[in-house]
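# Inside the fold
Listed below are the residues making up each chain.
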Amino acid sequence: TEFEEDSIVPAAQFAQNELITAIQNGLENGVINGSEAATHPDYDIQNDGNSAMLTDRLWDGYRQTAVNPSVDTITITKLRQLRAKMGRYGGNPSNLAYVTSIKTILNQLLNFPEVLTLEKLGPNATILTGQLAQIDGAPLIASDFARDDVSATGFNTVGGPNTLSTIEIVHRPSLIFGDVRGLRVETLRWPLTEQVVVVGKMRTDLQDVHLSTSEPIVAMGVNV
């Protein structure tokens, strides 16, 4: 309570906002990098002392789910070949999204005239959170949690060198969240000690509508 009185911002509200942001970031990280495998495919996650508590363990994310053809230096032709690996799931661009790091977007993708940036899309563009451009009618989304420290396999390995990136093409309708309990944030006050406790809770899961082990609902370009 004294800290809140002396703080230049409302401390309890600040802590609450930070908790909400942390949960949202954890979900996004799990969506991209998650794996329920007994041995996580990323060496650094598997060997983290707190591995079992990381959001990389929430569920099977994009990289775990994907078919993994090599891309190397990105070209529009290679991205279209990657999309072709998805078969019927790669047909409708409005159902797709490209997900990668801001480093890959700025260093490679925005150099292509076929990649339409937002100012070229005009007033009818459907803007998604994180979308920076569009490729063949599908949004190009930058994520803070798309990794730039993986090997040519698309995963962080003990041998490395872990200096590469990936790009995923996702068939969005095939992956859904099931919310048992939405995010709830509560603030509790303990008058005897003048403490404020902020608690966040939610129950959710990410599942594939079509069995990802046999259906190419995600394609991952590696060695980028």
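Presented here is a report on the structure given in the accompanying data block. Per chain, residue numbering runs from 1 following the sequence as it is written. Totals for whole chains, interfaces and linings use all residues, but because this is a predicted model, local features are given only for residues with pLDDT of at least 70 and pairs of side-chain atoms are given and counted only at 80 or more. The basis for every side-chain value is the complete set of heavy atoms in the structure, and neither hydrogens nor water enter the calculation.

## As for the overall build of the protein chain
Along the protein chain, the regular secondary structure elements total 7 helices and 8 strands. Structurally, the protein chain occupies a C-alpha span of about 65 × 45 × 35 Å along its principal axes. Burial status across the protein chain gives 37% buried among its 224 residues. What makes two residues a contact is simply this: any of their non-hydrogen atoms within 4.5 Å. Looking at the protein chain alone, contacts between residues at least 24 apart form 67% of all its contacts between residues at least 6 apart. Comment: elements are numbered from the N terminus, with helices defined as DSSP H or I runs of at least four residues and strands as E runs of at least two. Exposure classes here rest on a 1.4 Å probe applied to the protein chains alone. A residue is buried below 20% of its type maximum, exposed above 50%, and partly exposed in between.

## A closer look at the side chain of Glu-168
Among the secondary structure elements, Glu-168 is positioned in strand S5 (residues 167-171). For the buried Glu-168, no salt bridge is present, and the opposite-charge side chain at shortest range is Arg-63, 5.5 Å distant. Within polar-contact distance, the side chain of Glu-168 engages the side chain of Thr-166 at 2.6 Å. Among all residues touching Glu-168, those that are not within four sequence positions of it are Ile-32, Tyr-62, Arg-63, Ala-97, Tyr-98, Val-99, Val-218, Ala-219 and Met-220. In this tally Asp and Glu are treated as negative and Lys and Arg as positive; neither His nor the chain ends contributes. By definition, a salt bridge exists where a carboxyl oxygen of Asp or Glu is found within 4 Å of a side-chain nitrogen of Lys or Arg. For the purposes of these results, a polar contact is taken to be a pair of N or O atoms within 3.5 Å, where, inside protein, one atom must be able to donate a hydrogen and its partner to accept one; residues adjacent in sequence count only when each atom of the pair is a side-chain atom.

## A word on the nonpolar core
Residues belong to one nonpolar core when they are buried, are Ala, Val, Leu, Ile, Met, Phe, Trp, Tyr or Cys, and are joined through side-chain atoms within 4.5 Å. The biggest cluster of nonpolar side chains holds 35 residues, and the ones touching the most others in it are Tyr-62, Tyr-98, Leu-109 and Leu-140. Among the elements of the structure, helix H2 (11-33), helix H5 (76-84), strand S1 (96-100), strand S3 (131-135), strand S4 (138-142), S5 and strand S8 (218-221) are those that each provide at least two residues to this core. If sequence neighbours within four positions are ignored, Leu-109 has contacts with Ile-74, Leu-79, Thr-100, Thr-104, Val-115, Ile-135, Leu-140 and Ile-167.

## Overview of the pattern of salt bridges
The final tally for this structure, using the stated rule, is 5 salt bridges. Of the charged contacts, one joins Asp-42 and Arg-63 as a salt bridge, the two residues approaching to 2.4 Å between their closest N and O atoms. One end of the pair, Asp-42, is in the loop between H2 and helix H3 (43-46); the other, Arg-63, is in helix H4 (residues 62-65), and 21 residues separate them in sequence. Of the residues examined, Asp-42 reaches a relative accessible area of 0% and is grouped as buried.

## A look at unusual backbone geometry
Leaving glycine aside, a negative phi is the common case for residues, and trans is the common case for peptide bonds. Across the junction of Gly-160 and Pro-161, the peptide omega takes the value -5°, indicating a cis bond. Structurally, Pro-161 can be placed in the loop between S4 and S5. One non-glycine residue, Asp-136, adopts positive backbone phi at about 50°. Mapped onto the secondary structure, Asp-136 falls in the loop between S3 and S4. According to the relative accessible area criterion, Asp-136 is partly exposed, its value standing at 29%. Of note, the phi angle at Glu-194 is positive, near 55°, even though the residue is not glycine. Residue position: Glu-194 is located in the loop between strand S6 (175-190) and strand S7 (195-208).

## Here we look at the sheet that holds S1
Two pairing modes exist for strands in a sheet, parallel and antiparallel, and in both the strands are linked by backbone hydrogen bonds. One bridge is not enough; two strands pair if DSSP finds at least two bridges between them. Spatially, the 6 strands line up as an open sheet ordered S2-S3-S4-S1-S5-S8, and their pairing is mixed. Because the sheet does not close on itself, it has two edges, and the strands there are strand S2 (115-117) and S8. For this sheet, the mean inter-axis angle between neighbouring strands, taken without regard to orientation, is 25°. Bridging between S5 and S8 involves 4 bridges; their strand directions are antiparallel. Within the sheet, the bridge partner assigned to Ile-167 lies in S8 and is Gly-221. Across the sheet, H5 touches S1, S2, S3, S5 and S8, and the angle it forms with S5 is around 40°. Each axis is a line fitted through C-alpha atoms, taken for helices only over the stretch in contact, and angles between the N-to-C directions span 0 to 180 degrees.

## Observations regarding the environment of Thr-153
Looking at where Thr-153 falls in the secondary structure, it is placed in the loop between S4 and S5. Distance in space between the C-alpha atoms of Thr-153 and Thr-166 is 9.3 Å, their sequence separation being 13 residues. Leaving out residues up to four positions away in the same chain, Thr-153 has contacts with Asn-68, Met-220 and Val-222. Looking at Thr-153, its side chain comes within polar contact range of the side chain of Ser-151, at 2.9 Å. At 3.2 Å, the side chain of Thr-153 forms a polar contact with the backbone nitrogen of Phe-155.

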